[in-house]
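Spelled out, the chains give:
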Amino acid sequence: MFKEGMMALVGIAFWESIYMTLISTFFAYLIGLPLGLILVMTDGEGVRPIPIVHQTLGIIINIVRSVPFLILIVTIMPFTKLAVGTTIGPKAAIVGLLVAAAPFIARLVESSLKEVEKGVIEAAQSMGASPLQILVKVLIPEAKPSLLVGSAIAVTTILGYSAMAGFVGGGGLGAIAINYGVHRGQRDIMYVIVVLLVVIVQILQEFGMQIAKRTDKRL
Amino acid sequence: MEKKETMIHLEGISKSFPQKRGSLEVLKDIDLKIEKGEVFGIIGLSGAGKSTLVRCINLLERPTKGRVYLDGAELTCLPEKELRQQRHSMGMIFQQFQLLMQRTALENVCFPLEIAGVPKEKARARAEELLDLVGLGERLGAYPSQLSGGQKQRVAIARALATEPKVLLCDEATSALDPNTTAGVLRLLKDINERLGITIVVITHEMSVIQEICNRVAIIDDGQIAEMGGVEEIFRAPKTKAGRELVYHEGTKREAIEGPMENCYRVVFRGGISGEPILGGMMLECNAVANILSGNTRMLDGRVYGQMMIQLPADKETRERMLAYLREREVEVEEVQYV
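The structure displayed is predicted, hence computed values, not measured ones. (Residues numbered from 1 in each chain as written. Chains lettered and ligands numbered in written order. Predicted model: local features only at pLDDT ≥ 70, side-chain atom pairs only at ≥ 80, totals over all residues. Heavy atoms only, no water.)

A closer look at the overall build of chain A
Scanning chain A for helices and strands turns up 9 helices and 0 strands. The order of α-helices and β-strands along chain A, N terminus first, is α-α-α-α-α-α-α-α-α. By principal-axis analysis of the C-alpha atoms, chain A measures approximately 70 × 40 × 25 Å. When contacts within chain A are restricted to residue pairs at least 6 apart in sequence, those whose partners lie at least 24 apart make up 73%. Accessible surface computed for chain A: about 11,000 Å², of which carbon and sulfur atoms make up 70%. Across chain A, 16 positive and 12 negative side-chain charges occur, with their mean positions spaced 6 Å apart. (Helix = DSSP H or I, 4+ residues; strand = E, 2+ residues; numbered from the N terminus. Contact = heavy atoms within 4.5 Å. Areas by Shrake-Rupley, 256 points an atom, 1.4 Å probe, with all protein chains shown as cover. Lys, Arg positive; Asp, Glu negative; His and termini not counted. Charge placed at Lys NZ, Arg CZ, Asp CG, Glu CD.)

So, the overall build of chain B
Looking only at helices and strands, one finds 11 helices and 14 strands in chain B. Viewed in the frame of its principal axes, chain B has a C-alpha envelope of about 75 × 50 × 45 Å. Buried positions account for 52% of the 339 residues belonging to chain B. Here the contacts in chain B between residues at least 6 apart in sequence split such that 69% fall between residues at least 24 apart. Positive and negative side-chain charges of chain B, numbering 45 and 49 respectively, have mean locations separated by a distance of 5 Å. (Buried < 20%, exposed > 50% of the residue type's maximum accessible area, 1.4 Å probe, protein only.)

Side note on the side chain of Gln 102 of chain B
Along the chain, Gln 102 of chain B falls in the loop between strand 6 (90-93) and helix 3 (105-115). Given a relative accessible area of 13%, Gln 102 of chain B falls into the buried group. Of the polar contacts made by the side chain of Gln 102 of chain B, one reaches the backbone nitrogen of Lys 217 of chain A; its length is 2.9 Å. Apart from the residues lying within four places of it in its own chain, the contact partners of Gln 102 of chain B are Pro 141, Glu 142, Pro 145, Thr 215, Asp 216, Lys 217 and Arg 218 of chain A together with Glu 107 and Tyr 143 of chain B. (Polar contact = N/O pair within 3.5 Å; in protein donor to acceptor, adjacent residues only side chain to side chain.)

Description of helix 7 (residues 131-165) of chain A
For helix 7 of chain A, which comprises 35 residues, the first-to-last C-alpha distance of 40 Å sits more than 12% below the rise-based estimate of 51 Å (1.5 Å per residue). Along helix 7 of chain A, the sharpest change in direction is near 65° and occurs at Lys 144 of chain A; proline Pro 145 of chain A comes one to four residues later. (Expected span 1.5 Å × (residues − 1). Bend = angle between axes of the 7 residues up to and from the residue.)

Looking at the sheet that holds strand 9 (residues 216-221) of chain B
Residues and elements named next belong to chain B. With mixed pairing, the 6 strands of this open sheet are ordered in space as 6-7-8-3-9-10. Of all strands in the sheet, those with a lone pairing partner are strand 6 and strand 10 (224-230), marking the two edges. Across this sheet, the average inter-strand angle for adjacent strands is 15°, counted without regard to direction. As paired strands, strand 3 (residues 39-43) and strand 9 are joined by 4 bridges and run parallel to one another. For Ile 43, the partnering residue across the bridge sits in strand 9 and is Ile 219. (Pairing = 2+ DSSP bridges. Axes fitted to C-alpha atoms, helices over the stretch in contact; angles between N-to-C directions.)

Concerning helix 6 (residues 179-196) of chain B
An α-helical turn contains 3.6 residues, so a residue and the one three or four places further along point in the same direction. With 18 residues, helix 6 of chain B should reach 26 Å at 1.5 Å per residue; the first-to-last C-alpha distance of 25 Å fits that figure. Structurally, the start of helix 6 of chain B carries an N-cap: the backbone nitrogen of Asn 180 of chain B is 3.2 Å from a side-chain oxygen of Asp 178 of chain B.

Thoughts on the interface of chain A and chain B
Across the contact, 24 residues belong to chain A and 22 residues belong to chain B. Run the count over chain A and chain B and you get 2 salt bridges. For Glu 122 of chain A, the salt bridge is made with Arg 55 of chain B, and the minimal N-O distance between the two is 2.6 Å. Linking chain A with chain B are 10 residue pairs in polar contact (both at pLDDT 80 or more), by the criterion used here. (Salt bridge = Lys/Arg side-chain N within 4 Å of Asp/Glu carboxyl O.)

Some details on the pairing of strand 11 (residues 264-270) of chain B
Note on strand geometry: in a regular strand, side chains alternate between the two faces of the sheet. All names here are of chain B. In terms of burial, strand 11 is a largely internal element, 6 of the 7 residues being buried. With 4 bridges joining them, strand 11 and strand 14 (residues 332-335) adopt antiparallel strand pairing. Within strand 14, the residue paired with Arg 266 across the bridge is Glu 334.

Focus on the sheet that holds strand 2 (residues 23-35) of chain B
Paired through backbone hydrogen bonds, the strands of a sheet run either parallel or antiparallel to each other. Residue and element names in this part refer to chain B. Ordered in space as 2-1-4-5, the 4 strands form an open sheet in which the pairing is antiparallel. The open sheet is flanked by strand 2 and strand 5 (73-74), the only strands paired with a single partner. One ladder, built from 9 bridges, connects strand 1 (residues 6-18) with strand 2; its direction is antiparallel. Directly across from Phe 17, in strand 2, lies its bridge partner Leu 24. In this fold helix 1 (residues 50-57) packs onto strand 1, strand 2 and strand 4 (65-70), with an angle of close to 120° to the strand it touches most, strand 1.

Comments concerning the environment of Ala 124 of chain A
Mapped onto the elements of the fold, Ala 124 of chain A is located in helix 6 (residues 118-126). Sequence-distant contacts of Ala 124 of chain A, defined by excluding residues within four places in its chain, comprise Ala 129, Ile 134 and Val 138 of chain A together with Phe 111 of chain B.

Observations regarding the pattern of salt bridges
Counted by the stated rule, this structure contains 28 salt bridges over all chains. A salt bridge links Arg 55 of chain B to Asp 171 of chain B, with the shortest nitrogen-to-oxygen separation between them at 2.7 Å. A residue pair is termed long-range when its members are at least 10 positions apart, and Arg 55 of chain B in helix 1 and Asp 171 of chain B in strand 7 (residues 167-171) qualify at 116 residues. With relative accessibility at 12%, the residue Arg 55 of chain B sits in the buried group. Here Lys 166 of chain B ties to Asp 71 of chain B by a salt bridge, and the two come within 3.3 Å at their closest N and O atoms. In this pair, Lys 166 of chain B is assigned in the loop between helix 5 (149-161) and strand 7 and Asp 71 of chain B in the loop between strand 4 and strand 5, connecting sequence segments 95 residues apart. The network of salt bridges with common partners includes Asp 43, Arg 107, Glu 110 and Lys 114 of chain A.

Listed below in structure tokens is the structure:
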């Protein structure tokens, strides 16, 4: 079915996709996690309410999140060029992915931390815990299982985005599916790639859920 | 007589919460002194403001007006950082326990010590000692989800005691527990009070909890202290409507009996006489029957107390004879308006 060399091509693309996804998830968390923590802490009912910070951050996050990914990746091209010196290939895609994913992750983190019961936070306050101690010793550890579930959602979503990055020369499995499957009409290759993506998403999701379950002491 | 020292002093405490229109006044100018080493009860129906009041003691809620003193030092004027320091000397336990679900019992008790900056080894040793004290020395490694309600509250008590507080605040600490477990937890609190001399403030809506462990009680109604005094005194003769409702009915409205009933009396038995069949004797002696409406018996500071609501016959002469019989036997009888 495949011409010679096709397998090798798909193999390279597979690793490109994994590389893009994991690297951009990592960097997106570096930005998104603190943003999520700030959102929760500065909330009007949070541990350290600063409404102006909370609202401004919320609006910025909503704006970035409302721009469709393909448009976002094109819009930030000048920035991408500045950051990694190129606007095509996996490296450039990572910049786009991380800009798109960071606000998404901030919201995931926010919702995970909000699951922590108010009463537990109040109890910590009654023991004289400072806002920072509450964050580090109560909010994050208590929300850990939920944060892990969130990270499984984040990594699969970013994988989906990375396939879209193929449209603008981002490389990876998405690029192959588009170049061969769509532009050259080789549907079989496209289907193989789609199946491959489905399998990767299933594995990542299941893996994340299992870790979350293992670490949760509530069960 | 020894002079009692004040541990907690609330001075003119008012608290209102802003609402969409105007504000809701939950506490109205409350003055309260709680003595060192006593078990002080604050009782009221739900919505009376008692939970807000206890949160004003450690300033989880900032009172809108008034001052709070702990052991002579004003808390209300302290900056956040110093207030946090002061909170190490006030433990608190809650109705829903509020343990950290991702930590073991031992780690939960270590938590306030970590907060206070106690070295790990020392914290661990202290936590083990405390869990032993509350009877959970064998369950150090258990997670809260593996413990029963009563055990969780014991962990919470150990946790509240970790920083060697002067005061333990209990916010409806037994309301989520069944009667047997409640009795155990109350015994533990009493024991802690006696052995460690910690002042305990108990918030509850159950008169039985107050009677079990408190020395003094304040009845709070509609954001104000309706009456305050020794538990025995209030139990025997509540002066206010809120007090009567709590003492006679345990705070629950009796839907079954509607409207005022006539010739109703509340009979209070004290000490040893509960053993004698006084009511039976009265009925035989007077050759008339009394209608028993409700009754209960409980221990109060080691003595048996019983109270009973009875309805006596409409015939005045018989009624008088029955009352005389009861009064002769040093049983307290008072006519009550409703049952």
